[in-house]
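# Survey of secondary and tertiary structure
Spelled out from the first residue to the last, the chains are:
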Amino acid sequence: MLFLIIGVALLVYCFVVFLTPDSGWTFIEANRTENDSNELVFQYNLGVNGKSSADENRALTAIYNTASEKIFRLFHDKKGFDNLINIYEINRRPNEELEIDEALYNALSIFKKYDSRYLYLAPVYSRYDDLFYCLDDSQIVDFDPLTSDDVKKEYAITASYANNPEAIDIELLGDNKIKLFVSEEYLRFAQEEAITDFIGLSWLKNAFVVDYLADVFISEGYTSGSISSYDGFIRNLDGSGLEYSFNIFDKMEGNVYHAAVMQYNNAMSIVYLRNYTLNSLDDNHYYRLNNGEVRTPYLDVKDGIPKSSLNNLVSYSESKGCAEILMEMIPVYISEMFNEQTIGELSESSIYSVYCKDSTIRYNDKDLVLSALYDRNGIKYNAEIF
């Protein structure tokens, strides 16, 4: 049986045969209001291990509810919650030792592990994200660094603080204790500029959300499923040998093509970055100008300018989660120039990649199987290994 992993952004087609409403591949819903489950798709093969489908459904729904609400609160940067130290609370208590939940501690640890400064670009995103809610191009001048030199300068100044460990840094103190160090100079600047968000996950959030939820399900013994987000983060939990596939898309000359299908049969983490929209939820992170240009969420931490070195890049690993894959991908994707050598070197860390260029699908996993290559209306895709 071939099963197509789909996310909210990837609902193009699916050839799953649902056996009954209560067994086989089923969408599990989180029915509490305080979570981000509208951005996620959780699919599970109920009853495949001989357990009661109804019992599994109830258990998975309960776990999903609890876990998605917890991570929603921990990663929230706009409001606090009683008896909880979340990102919002950390931002309002700089230079103070705080004990946080292990899940949040682990997320912050990944930024430290990969020496990523994207965590500290939150003040820029607090301004830039308003661009995505503009109704026409005349409004974006207040938020778009590519339209306004003043905004470009503002973002660059703020980014200079974000990039300086002597201005801001998360100190990991062990035992789930942290301190958000912020220098006196940066605190004065923040007060002058009405900055309250020193750190935040921004568009990276769902990589950490999907990883956390996947790890919770695995720890509870539920592995016959997958969880994915609309913005390109997927964790397939199933290591049973069942064959799965993932759609490879490409944007060429203004059109988005279903270029090929990537097939695999192991538990897998997949990260898919793209500079074009695929669904209505993308309106929260993309803006299309009248001239056809698209503003994406991918700001370069060095200067706060949106960049993408490729139209799309898919990277995947059997041994690493989405967040770690993303940390490796960011320097390559959020760049003015694409460096194929760097992507190739990541295969030594068991992270493999697929990207498209000039109707050619390039990949660096010798065992990867690509099928259903696009070939119609004079457009034909080929595949080659690099």
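Residues numbered from 1 in each chain as written. Predicted model: local features only at pLDDT ≥ 70, side-chain atom pairs only at ≥ 80, totals over all residues. Heavy atoms only, no water.

### Considerations on the overall build of the protein chain
If you tally the helices and strands in the protein chain, you get 9 helices and 20 strands. Taken over the C-alpha trace, the protein chain has a radius of gyration of 21 Å; the compact-globule value for 386 residues is 21 Å, and the two agree within 12%. Overall, the protein chain is about 60 × 50 × 40 Å in size when its C-alpha atoms are taken along their principal axes. Taken as a whole, the protein chain presents about 16900 Å² of accessible surface, with 44% of it coming from carbon and sulfur. (Helix = DSSP H or I, 4+ residues; strand = E, 2+ residues; numbered from the N terminus. Rg over C-alpha atoms; globule rule 2.2 N^0.38 Å. Areas by Shrake-Rupley, 256 points an atom, 1.4 Å probe, with all protein chains shown as cover.)

### Looking at the pairing of strand 11 (residues 268-274)
For strand 11, a buried count of 7 out of 7 residues is recorded, marking the element as mostly surrounded by other parts of the structure. Residues M268, I270, Y272 and R274 of strand 11 are buried on one face, and the alternating residues S269, V271 and L273, pointing to the opposite face, are buried as well. Where strand 8 (residues 233-236) lies against strand 11, 4 bridges are found, and the strand directions are antiparallel. From the neighbouring strand, R235 faces strand 11, where its bridge partner is S269. As judged from the 6 bridges shared by strand 11 and strand 14 (residues 312-317), these two strands associate in the antiparallel manner. Paired with L273 across the strands is L313, a residue of strand 14. (Buried < 20%, exposed > 50% of the residue type's maximum accessible area, 1.4 Å probe, protein only. Pairing = 2+ DSSP bridges.)

### Here we look at the pattern of salt bridges
Side chains bearing opposite charge may pair, as long as their charged atoms lie close to each other. Tallied over the full model, the rule gives 26 salt bridges. Across the pair R92 and D197 runs a salt bridge, and its minimum N-O distance is 3.7 Å. Of this pair, R92 sits in the loop between helix 2 (87-91) and strand 4 (97-99) while D197 sits in the loop between helix 6 (184-192) and helix 7 (205-219), and the two are 105 residues apart along the sequence. Note on D197: relative accessible area 7%, which makes it buried. Of the charged contacts, one joins K307 and D303 as a salt bridge, the two residues approaching to 3.0 Å between their closest N and O atoms. When its relative accessible area of 12% is taken as the criterion, K307 is described as buried. Among the residues examined, D303 registers a relative accessible area of 23% and is labelled partly exposed. Here the salt bridges share partners, and the residues they tie into one network are D300, K302, D303, K307 and E336. (Salt bridge = Lys/Arg side-chain N within 4 Å of Asp/Glu carboxyl O.)

### Some points on helix 3 (residues 102-113)
An ideal rise of 1.5 Å per residue puts 16 Å on 12 residues; helix 3 measures up with 16 Å between its terminal C-alpha atoms. Within helix 3, the full set of buried residues consists of A103, L104, Y105, A107, L108, I110 and F111. Looking at the buried residues of helix 3, the elements they touch are helix 1 (53-75), helix 2, strand 5 (168-174), strand 6 (177-182), helix 7 and helix 8 (322-333). Near the N-terminus of helix 3, the side chain that reaches the backbone nitrogen of A103, with its oxygen 2.8 Å away, is that of D101. (Expected span 1.5 Å × (residues − 1). Contact = heavy atoms within 4.5 Å. Polar contact = N/O pair within 3.5 Å; in protein donor to acceptor, adjacent residues only side chain to side chain.)

### Some words on the confidence of the model for the protein chain
In this model, the protein chain carries a mean pLDDT of 93, and residues with pLDDT of at least 70 account for 94%. Contacts from residues 1-21, a stretch scored under 50 in pLDDT, to residues over four places away or in other chains number 66 contacts. (pLDDT = per-residue confidence, 0-100.)

### A few points about the packing of aromatic side chains
Under the counting rule described, the total for this entry stands at 25 aromatic pairs. Pairing Y128 with Y155 gives two aromatic rings, centres 6.4 Å apart and planes at 80°, and the pair type is edge-to-face. Here the residue Y128 occupies a position in helix 4 (residues 122-128), and Y155 occupies one in helix 5 (residues 149-162), the gap between them amounting to 27 residues. Geometrically, the ring pair formed by Y374 and Y381 is edge-to-face, given 6.4 Å between the ring centres and 90° between the ring planes. (Phe/Tyr/Trp six-rings, centres within 6.5 Å; stacked < 30°, edge-to-face > 60°.)

### Some thoughts on the nonpolar core
Formed by 95 residues in total, the largest nonpolar core has its most connected members in F75, I199, W203, F208 and F217. Leaving out residues up to four positions away in the same chain, F208 has contacts with F75, A107, I110, F111, L201, A323 and M327. Counting 26 residues, the second largest nonpolar core, distinct from the first, contains I248, I270, V354 and Y374. (Core = buried A, V, L, I, M, F, W, Y, C linked by side-chain atoms within 4.5 Å.)

### Details of the packing of helix 3 against helix 8
In helix packing, the relevant descriptors are the interaxial angle and the interaxial distance, both defined with respect to the helix axes. Helix 8 packs onto helix 3 with a crossing angle of 25° between their chain directions and a minimal axis gap of 10 Å. Classed by the angle they form, the pair helix 3 and helix 8 counts as roughly parallel. Two packed elements cross with a definite hand, and for helix 3 against helix 8 that hand is right-handed. Of the residues in helix 8, those in contact with I110, F111 and K113 of helix 3 are A323, E324 and M327. Taken together, the residues of the contact of helix 3 with helix 8 sort by class into 4 nonpolar, no polar and 2 charged. (Axes fitted to C-alpha atoms, helices over the stretch in contact; angles between N-to-C directions. Parallel < 35°, antiparallel > 145°, perpendicular 65-115°, else oblique. Left-handed = near helix turned anticlockwise from the far one by under 90°. Nonpolar A, V, L, I, M, F, W, Y, C, P; charged D, E, K, R; others polar.)

### Regarding the sheet that holds strand 16 (residues 360-363)
Ordered by their spatial adjacency, 9 strands build an open sheet running 2-3-7-8-11-14-15-16-20, and the pairing between neighbours is mixed. Where the open sheet ends on each side, the last strands, each with one partner, are strand 2 (24-28) and strand 20 (382-385). Within this sheet the neighbouring strands show an average axis-to-axis angle of 15°, counted without direction. Sheet analysis places strand 16 next to strand 20, joined by 4 bridges and oriented parallel. When the bridges of strand 20 are listed, Y363 appears paired with I385. Those strands touched by helix 1 are strand 2, strand 3 (40-46) and strand 7 (225-229), and its axis lies near 155° from that of strand 3.

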